[in-house]
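Tertiary structure, described
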Amino acid sequence: MAGRKKLDRVSLHARVEQGTIDKLKEVAQLLGYVYNGEGSTGQLLDAIASGELILIATKNRSNVNKSG
């Protein structure tokens, strides 16, 4: 039996608030980014980074250069 094809992928580690992961997985699933039956945050982030998915801010951040 052949192993799973390796994808050219890297890992990302981020510190986020409690519940953020579940919310991101829910958004990913709603938008059709699914892997193994649940929302794929990796596919969601790839879509944002590539411009396939455009984000629109709902809050005005006073300091757009602020990190985090």
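Residues numbered from 1 in each chain as written. Predicted model: local features only at pLDDT ≥ 70, side-chain atom pairs only at ≥ 80, totals over all residues. Heavy atoms only, no water.

**A few points about the pattern of salt bridges**
- Enumeration over the complete set of coordinates arrives at 2 salt bridges.
- Salt-bridge contacts for Arg9 lead to Asp46; the nearest nitrogen and oxygen are separated by 2.6 Å. With Arg9 in the segment before helix H1 (20-30) and Asp46 in helix H2 (residues 41-50), this residue pair connects regions lying 37 residues apart in the sequence.
- Arg9 gets classed as partly exposed once you look at its relative accessible area, which sits at 48%.
- Given a relative accessible area of 37%, Asp46 falls into the partly exposed group.
- Glu38 is the salt-bridge partner of Lys25, the closest N and O atoms lying 3.2 Å from each other. (Salt bridge = Lys/Arg side-chain N within 4 Å of Asp/Glu carboxyl O. Helix = DSSP H or I, 4+ residues; strand = E, 2+ residues; numbered from the N terminus. Buried < 20%, exposed > 50% of the residue type's maximum accessible area, 1.4 Å probe, protein only.)

**Details of a nonpolar patch on the surface**
- The grouping of Val27, Leu30 and Leu31 at the surface amounts to a nonpolar patch, some 300 Å² of accessible area in total.
- Note that Leu31 resides in the loop between H1 and strand E1 (34-35).
- When its relative accessible area of 46% is taken as the criterion, Leu31 is described as partly exposed. (Patch = residues over 30% accessible without salt bridge, like charges linked within 9 Å, V, L, I, M, F, W, Y side chains within 5 Å. Areas by Shrake-Rupley, 256 points an atom, 1.4 Å probe, with all protein chains shown as cover.)

**A look at the environment of Leu53**
- Position of Leu53 relative to the elements: it lies in the segment after H2.
- Between the C-alpha atom of Leu53 and that of Leu31, which follows or precedes it by 22 residues, the distance is 9.6 Å.
- Once you skip the residues sitting within four places of it in the chain, Leu53 turns out to touch Leu31, Tyr33, Leu44, Ala47 and Ile48. (Contact = heavy atoms within 4.5 Å.)

**Considerations on the layout of surface pockets**
- By volume, the largest pocket amounts to about 740 Å³.
- If you list the elements that add at least two residues to the lining of the largest pocket, you get H1, strand E2 (38-39) and H2.
- A total of 6 residues in the lining of the largest pocket trace back to one element, the largest contributor, which is H2.
- Of the residues belonging to the lining of the largest pocket, the class tally is 10 nonpolar, 7 polar and 5 charged.
- Estimates place the volume of the second largest pocket at around 420 Å³.
- Together, Leu24, Val27, Leu31, Leu44, Leu45, Ile48, Leu53 and Leu55 line the second largest pocket. (1 Å grid on protein atoms, 1.4 Å probe; cavity = no way out; pocket = protein on both sides within 12 Å on 5 of 7 lines; lining within 4 Å. Points joined across faces, edges and corners; volume = space filled by probe spheres on them. Nonpolar A, V, L, I, M, F, W, Y, C, P; charged D, E, K, R; others polar.)

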